[in-house]
Amino acid sequence: MKLEDVNIYDPDLYVKAVPHETFALLRAQEPVFWQELPEGAGYWALLKHADVMAASKDWQTFSAARGGIIIEDQSPQQLAAMRTQLLSMDPPEHIRIRRIVLDAFTPTMIAELEPWLRARAREIMQVAAEKRDCDFVRDLAAELPLQTINQIMAIPEADRLRIVELGDKLIGRTDPEVAARDAAANSATELGAYGFKLANERKGRGGKDLISLMLNAELEGHPLNEVEFAALFVQIAVAGNETSRSLLAGAMLALLENPRAYRELESDFALLPTAIEEMLRWTTPVHYFRRTATRDVELRGKKIREGDRVALHYTSANFDEEVFEEPFRFDIRRDPNPHLAFGWGEHFCLGARLARLEAQVFFEEFFRCFSRAELTGPSRRLRSNLTNSIREIPIRLTPR
Ligand code: HEM
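Below or above, wherever it landed, is the structure these notes cover.

Reading guide: rules and limits
- Residues numbered from 1 in each chain as written.
- Predicted model: local features only at pLDDT ≥ 70, side-chain atom pairs only at ≥ 80, totals over all residues.
- Heavy atoms only, no water.
- Helix = DSSP H or I, 4+ residues; strand = E, 2+ residues; numbered from the N terminus.
- Rg over C-alpha atoms; globule rule 2.2 N^0.38 Å.
- Buried < 20%, exposed > 50% of the residue type's maximum accessible area, 1.4 Å probe, protein only.
- Contact = heavy atoms within 4.5 Å.
- Areas by Shrake-Rupley, 256 points an atom, 1.4 Å probe, with all protein chains shown as cover.
- Lys, Arg positive; Asp, Glu negative; His and termini not counted.
- Charge placed at Lys NZ, Arg CZ, Asp CG, Glu CD.
- Pairing = 2+ DSSP bridges.
- Axes fitted to C-alpha atoms, helices over the stretch in contact; angles between N-to-C directions.
- Donors = N, O, S within 2.8 Å, 3.2 Å for Na, K, Ca; no water.
- Near = heavy atom within 4 Å.
- Polar contact = N/O pair within 3.5 Å; in protein donor to acceptor, adjacent residues only side chain to side chain.
- Nonpolar A, V, L, I, M, F, W, Y, C, P; charged D, E, K, R; others polar.
- Salt bridge = Lys/Arg side-chain N within 4 Å of Asp/Glu carboxyl O.
- Core = buried A, V, L, I, M, F, W, Y, C linked by side-chain atoms within 4.5 Å.
- 1 Å grid on protein atoms, 1.4 Å probe; cavity = no way out; pocket = protein on both sides within 12 Å on 5 of 7 lines; lining within 4 Å.
- Points joined across faces, edges and corners; volume = space filled by probe spheres on them.

With respect to the overall build of the protein chain
No. 1: When its secondary structure is counted, the protein chain shows 16 helices and twelve strands.
No. 2: Relative to the globule expectation of 21 Å for 400 residues, the C-alpha radius of gyration of the protein chain, 21 Å, shows essentially globular dimensions.
No. 3: For the protein chain, the C-alpha atoms occupy an extent of roughly 60 × 55 × 40 Å along the three principal directions.
No. 4: Buried positions account for 57% of the 400 residues belonging to the protein chain.
No. 5: When contacts within the protein chain are restricted to residue pairs at least 6 apart in sequence, long-range pairs at least 24 apart make up 71% of them.
No. 6: Summed over all atoms, the accessible surface of the protein chain reaches about 17,300 Å², with 53% contributed by carbon and sulfur.
No. 7: Across the protein chain, the centroid of the 51 positively charged side chains sits 1 Å from that of the 61 negatively charged ones.

Some thoughts on the sheet that holds strand β4 (residues 133-135)
No. 1: If you walk across this open sheet you meet the three strands as β4-β12-β9, and the pairing is antiparallel. The strands lining the two open edges of the sheet, one partner per strand, are β4 and β9 (370-375). The average undirected angle you get between the axes of adjacent strands in this sheet is 35°.
No. 2: The sheet contact formed by β9 and strand β12 (residues 394-399) spans five bridges and is antiparallel. Bridging across to β12, R372 finds its partner in T398.
No. 3: Against the sheet, helix α16 (residues 352-369) makes contact with β9 and β12, and its axis sits at roughly 100° relative to β9, the strand it touches most.

Thoughts on the coordination of the iron atom of the ligand
Each angle at a metal carrying four tetrahedral donors should ideally be 109.5 degrees, and each at a metal carrying six octahedral donors should ideally be 90 or 180 degrees.
No. 1: In this structure, the iron atom of the ligand receives exactly one donor atom from the protein: C349 (SG), at 2.2 Å.
No. 2: Positionally, C349 belongs in the loop between α15 (314-317) and α16.

Examining the site of the ligand
No. 1: Neighbouring the ligand are 30 residues; H94, R98, W344, H347 and C349 lie closest to it.
No. 2: H347 is positioned such that a nitrogen or oxygen atom in its side chain is 2.7 Å from an oxygen atom of the ligand.
No. 3: Of all elements in the fold, only α4 (93-104), α12 (226-257), β5 (288-293) and α16 reach the threshold of two or more residues within the shell around the ligand.
No. 4: When residues in the shell around the ligand are grouped by element, the largest group, seven residues, is from α12.
No. 5: Looking at the shell around the ligand, its residues break down into 19 nonpolar, eight polar and three charged.

Digging into the pairing of β5
No. 1: Of all six residues that make up β5, six are buried, and the element is covered over most of its length.
No. 2: Burial along β5 is two-sided: the residues Y288, R290 and T292 and F289, R291 and A293 are all buried.
No. 3: Strand direction decides the pairing type here: strand β3 (residues 62-63) and β5, joined by two bridges, are antiparallel. Within β5, the position partnered with S63 by the bridge is T292.

Describing the pattern of salt bridges
No. 1: Considering all chains together, one arrives at 37 salt bridges under this definition.
No. 2: Salt-bridge contacts for R118 lead to E364; the nearest nitrogen and oxygen are separated by 2.9 Å. Of this pair, R118 sits in helix α6 (residues 114-131) while E364 sits in helix α16, placing them 246 residues apart in sequence.
No. 3: Across the salt bridge formed by K303 and E298, the nearest N and O atoms sit 3.6 Å from each other.
No. 4: Each of E114, R118, R122, E364, E365 and R368 takes part in salt bridges that share partners, so that together they form one network.

Digging into the nonpolar core
No. 1: L140, M214, F233, F363 and F366 are the most contacted members of the largest nonpolar core, which has 85 residues in total.
No. 2: When residues in this core are grouped by element, the largest group, 15 residues, is from α12.
No. 3: Ignoring any residue separated from it by four or fewer positions in sequence, one finds F363 in contact with L248, A251, M252, L255, L272 and M279.
No. 4: Judged by nonpolar contacts, the second largest core, of 38 residues, contains V18, W44, I304 and L386.

What about the environment of K197?
No. 1: Of note, K197 is situated in helix α10 (residues 181-202).
No. 2: Separated by 92 residues in sequence, K197 and F105 have C-alpha atoms that sit 21 Å apart.

Describing empty space enclosed by the protein
No. 1: Tallying each qualifying case throughout the model produces two cavities of 30 Å³ or more.
No. 2: Its boundaries defined by the atoms lining it, the largest cavity holds a volume of some 50 Å³.
No. 3: In terms of lining residues, the largest cavity is bounded by I163, V164, G167, D168, A237, V238, N241, E242 and R245.
No. 4: Grouping the amino acids of the lining of the largest cavity by side-chain chemistry returns four nonpolar, two polar and three charged.
No. 5: If you add up the space inside the second largest cavity, you get close to 40 Å³.
No. 6: Put simply, the parts of the chain that give the lining of the second largest cavity at least two residues each are α8 (143-153) and α12.
No. 7: No other element matches α8, which puts four residues into the lining of the second largest cavity.
No. 8: A class-by-class count of the residues in the lining of the second largest cavity yields seven nonpolar, two polar and no charged.

Shown next, in the form of structure tokens:
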């Protein structure tokens, strides 16, 4: 492949598999790459681990707020809506809202979830065990993250399905099977409106769910208002579902392709924590997030101008040969493993601890329940340059 032929923006490129060869070519030849867009303009793609890390930390130069976090430029209204989300804020506003989440979503709160998570994981495995032939994504991987978000937010039972449908539409905006772009915008509005309703119901009452804790936090006289909450709700509902599902689904495929790793893990759960870091690196559920340059800056000889779009390519960074020895080997003992699947710096994922715990519990219960898993058909991926999602994994499971 030649550099002139590269188009890492094209969502079709991601349908069959992650375009690792293209990323590797760019890392070797053009690690700060100008990607043209169909409408004529373009963006800078940062492919190297060191550059993604440095830009993630330098929010003064690479702003999340100025142009939002996806490549496509937004209308002023869309941008205003996007900027109400934590991911698309810069300090000092970002620090204030992030602190509210951090104060409510504590390590203790997450650790206390473990017995609940385990009971849910067992139920999920049992239902799948009765079916035997199932879709690993829908029947197993999607369920635990979904139930967890619903639990920590205390979403009423009757509304749960609708919330996940809306979240899927929002994320799958370039996949014709999932949603058209307008539908994605409408989903964001509907989710936000739902969050607003929840905020009104819970503000001023002493609930212990994450929503009540965030809403009723007293922070230097600036509590979270209902509009700010609605945006945060959209973000947590979406961020916590799709990504964790992708991790579990992608990890399962990796284990099926690496039977030795599968056997080792099922017989020694102590290997799981390092294996989960490798699963995160290997699957990298978010391919990129965007920043916008706030000043002219030079990077590896390229002149990035103020206002230029810059994409932080986590997937490419996680396979950077300069950081990871034999990056294309799935190594459940890889240590250290400084992957960037959760991003880095100012916006480092607030759900990282929860996502790791979910994966730990999920795989322990999976291995306890099933002695064998085999693919019964090809898996299908989401058509997206933003998220590394798998839509379907037909699988046959043999209970112990
Ligand atoms: C495997 C699972 C997950 C992955 C791979 C993941 C990935 C990410 C990434 C790449 C970022 C942006 C980091 C940056 O810009 O530097 C992020 C931010 C965030 N994530 Fe996650 N995430 C996961 C699970 C979760 C869960 C379970 C939750 C909530 C329950 C969550 C909530 C958030 C929030 C609120 C932010 C915004 C933080 C900020 O802007 O300060 N994530 N995540």
